[in-house]
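Summary of structural features
Listed here are the chains, written in short residue letters.
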Amino acid sequence: MENNWPIWEIFIRSKNGLNHKHVGSLHATDAEMAMQNARDVYTRRNEGISIWVVESKHISASDPDEGESLFDPANDKVYRHPTFYNLPDELKHM
Amino acid sequence: MANHLHDFLIHLGDNALILGHRLSELTSHGPVLEQDMAMTNIALDLVGQTRNIFQVAAKLQGNGATEDSIAYTRDATSYKNILLVEQKNGDFAKTVLRQFFYDAFNYHAYQRLLKSSNKDIAAIAEKAIKEITYHLKWSAEWVIRLGDGTEESNSRINAAIDDLWPYTEEMFKFTDYELACHDEGIFPDIHGIKAEWDEEVKNIFAEATLTVPEDGWMHDGGKRGVHSEHLGFLLAEMQFLQRAYPGQQW
Amino acid sequence: MEKNLNDIFQAKIDREEKIEPKDWMPDAYRKTLIRQISQHAHSEIVGMLPEGNWITRAPTLRRKVALMAKVQDEAGHGLYLYSACETLGIDRDTLFEQLHSGKAKYSSIFNYPTLSWADIGSIGWLVDGAAIMNQVPLCRCSYGPYARAMVRVCKEESFHQRQGFEILLNLSKGSDEQKAMLQESVNRWWWPAMMMFGPSDADSPNTQQSMQWKIKRFTNDELRQKFVDICYEQAKILNVTLPDPDIKWNEERGHYDFGEINWDEFWQVVKGNGPCNKERIAARKTAWEEGAWVREAAVAHANKRAARKTKKVA
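Residues numbered from 1 in each chain as written. Chains lettered and ligands numbered in written order. Predicted model: local features only at pLDDT ≥ 70, side-chain atom pairs only at ≥ 80, totals over all residues. Heavy atoms only, no water.

**As for the packing of helix α2 (residues 27–52) of chain C against helix α11 (residues 277–290) of chain C**
Residues and elements named next belong to chain C. Put simply, the rule reads: Axes here mean lines fitted to C-alpha atoms, for a helix over just the part in contact, with angles spanning 0 to 180 degrees between N-to-C directions. Secondary structure elements follow DSSP: runs of H or I of four or more residues count as helices, runs of E of two or more count as strands, with numbering from the N terminus. Every angle not falling under 35 degrees, over 145, or within 65 to 115 is termed oblique; those three ranges are roughly parallel, roughly antiparallel and roughly perpendicular. Any two residues whose heavy atoms approach within 4.5 Å at even a single point are treated as in contact.
Look at α2 against α11: their axes get within 10 Å of each other, and the N-to-C directions meet at 110°. Our classification of the angle between α2 and α11 gives roughly perpendicular. Residue-level contacts link Ile 45, Val 46, Leu 49 and Pro 50 of α2 to Arg 280, Ala 283 and Arg 284 of α11.

In structure tokens form, the structure reads like this:
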């Protein structure tokens, strides 16, 4: 009988106002157990106030070999950054 | 010194200590890493509860008593835990079921202690109830998984029911010190606990495809200091250092 | 082509860029990592046993919860490390099989017995002390998931050594019997702790490659020297003698000199002839085998539950 428990990826929000952040993975048979295991494994020191669990197989990841075509084109879009625009110092905050 | 209050505290603390100790025996021997950690968390909660309770008992006792003198220098006949919690771990089914029977009782007992007329006990309960709520969720889910899992897990949990059912009645057979605490509002509404426990067990067993046994012969005695043979061995191990090197700091 | 990929890979490492699971990596790098990370994970899990021995005999309730929490942390560390290892394409069950069959190694230190309460202190002070020295540089390891797991491990580990040292400090201020217990324990643990850094550099064939790949940042001998220098000073606080008559300050080197390690003992324990090798593996195997029906039942139940859900939806 196949009794390997599937892998789940765990995301934890450390406090309100912050994103859930990937903290690691663990094994569990269903979402409920994954949630409890995440609580016991990844929040033993008050690390979180909210947990997301996602079975690893449901995550689609970008291919690092396509990294150049995916991410390099953003390199020269300097006009997306505030420092691209020259404004007089008197303006102070904008 | 109000004896019944002290006895009741000792009883509460002993329950938590002995079950916590039993669970701690399993650290590093669990069926899967994640559950090893879960059981240790429960053990940590229980020993933590013990400390809170014994600290109050020690204050009441005076004469330099401490949480450790209470835990480490009493013989089995002075221990007032229920027989259920001193039962050996057995297989995972037995460990889980012992936990569930206890958690289901404790959950409803501590709901009442939240409203205790004794402020120390109410404060202890306020912290403990959050932990106990989680324990009950954990143990109930495992009872369901094992009951409604494979043929083997079902037969193992049924064997555990046969073993442990006769120890359940003792929880509701209230001693003089519990009844005295009840009369003073320290442990309010104790007579309502059994019905809630029955309901809890009935529901979880139904989901687990398990049958609640008929009430048969029931053991008791732990609360009065008459224990099974297991407790003496447990204490011999637990108290070894304090006995071999009395009066030292560690 | 292969050579080219290799060059790109090494250049990336030289630039201190991290390697992530889906990036191309040489087979040998992957194998080295699997070996090292799993060995590390196994060490955490097997390491729970000698300390777990004393949970039920801890002398106070405070000591009991601290030790339980510590041993539980080790389960957590094992878990983080197995997870890191799984990103390399091998599953945890396979890693367990390798441990149980003796194919995979773990730190030899855990094949020594814990015979007295002081041993719990000595493990914290010396064994965790040596482990931390090995582990801190691993937080900068070139493989991302391993480095991240180690950051977590090191953060949690910080209370472990203090926990151990405090136990020993209490013994050092205690009765004559307690002081004797302390010294006897340090006598037994000192040399095995020294061996934790592995064979001397001359006999450590993998070191150079691992350093080039930035899996390893310091050689075994460098770390061992650092350990001796630190422990010698700490031993004074505990009022214990390190069982090495050759330890002495070397002005010229700016380090303590120390005696020769018994390498025969080291290799014997690695080969399986340590005092507790068989018990440790047997305990792990028993836990795993006796847990099989539990793991099976949980899977069976999850399947039933999922089937009922789909049926309801349909």
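Moving on from the model shown.
**Considerations on unusual backbone geometry**
Residue and element names in this part refer to chain B. If you check the backbone angles, Asp 189 has positive phi at about 50° while not being a glycine. Here Asp 189 shows up in the loop between α8 (176–183) and α9 (193–207). In this structure, Thr 209 takes a positive phi of about 55° despite not being glycine.

**Looking at the pattern of salt bridges**
We count it as follows: Salt bridge, as used here: a side-chain nitrogen of Lys or Arg that lies within 4 Å of a carboxyl oxygen of Asp or Glu. Each residue is assigned to one of three classes by its accessible area relative to the maximum for its type, calculated with a 1.4 Å probe on protein chains only: buried under 20%, partly exposed between the two thresholds, exposed over 50%.
Tallied over the full model, the rule gives 43 salt bridges over all chains. Of the charged contacts in the structure, one is a salt bridge between B:Arg156 and B:Asp91, with a shortest N-O distance of 2.9 Å. Of the two residues, B:Arg156 is situated in helix α7 (residues 151–164) and B:Asp91 in the loop between α4 (83–86) and α5 (92–113); the sequence distance between them amounts to 65 residues. Among the salt bridges present, the one from B:Asp163 reaches B:Lys94, with a minimum N-O distance of 3.7 Å. Of the two residues, B:Asp163 sits in helix α7 while B:Lys94 sits in helix α5, which places them 69 residues apart along the sequence. B:Asp163 gets classed as partly exposed once you look at its relative accessible area, which sits at 42%. Through salt bridges with shared partners, a single network forms among A:Arg44, A:Arg45, C:Asp73 and C:Glu156.

**Structural notes on the interface of chain C and chain B**
How big an interface is tends to be reported as the loss of accessible area on association of its parts. Worth spelling out the cut-off: Defined here as a combined quantity, buried area equals the accessible surface (1.4 Å probe) lost by two parts on assembly, summed across both. Any pair of N or O atoms that falls within 3.5 Å is considered a polar contact. Within protein, one atom must be able to donate a hydrogen and the other to accept it, and sequence-neighbouring residues count only if both atoms are side-chain atoms. When residues are grouped by polarity, Ala, Val, Leu, Ile, Met, Phe, Trp, Tyr, Cys and Pro land in nonpolar, Asp, Glu, Lys and Arg in charged, and all others, Gly among them, in polar.
Between chain C and chain B, the contact holds 48 residues from the first and 49 residues from the second. For the pair chain C and chain B, the summed buried surface comes to about 4,200 Å²; carbon and sulfur atoms form 66% of the total. Between the two partners, chain C and chain B, sit three salt bridges. Between C:Lys304 and B:Asp148 there is a salt bridge, and its shortest N-O distance comes to 3.0 Å. Here chain C is connected to chain B by 18 residue pairs in polar contact (both at pLDDT 80 or more). Elements with a minimum of two residues in the side of chain C that touches chain B: α2, α3 (61–86), α6 (144–172), α7 (176–195), α11 and α12 (292–313) of chain C. Residue contributions to the side of chain C that touches chain B peak at 14 residues, all from α3(C). Residue classes in the side of chain C that touches chain B are distributed as 26 nonpolar, 10 polar and 12 charged.

Function-wise, these values are silent; they only describe arrangement.
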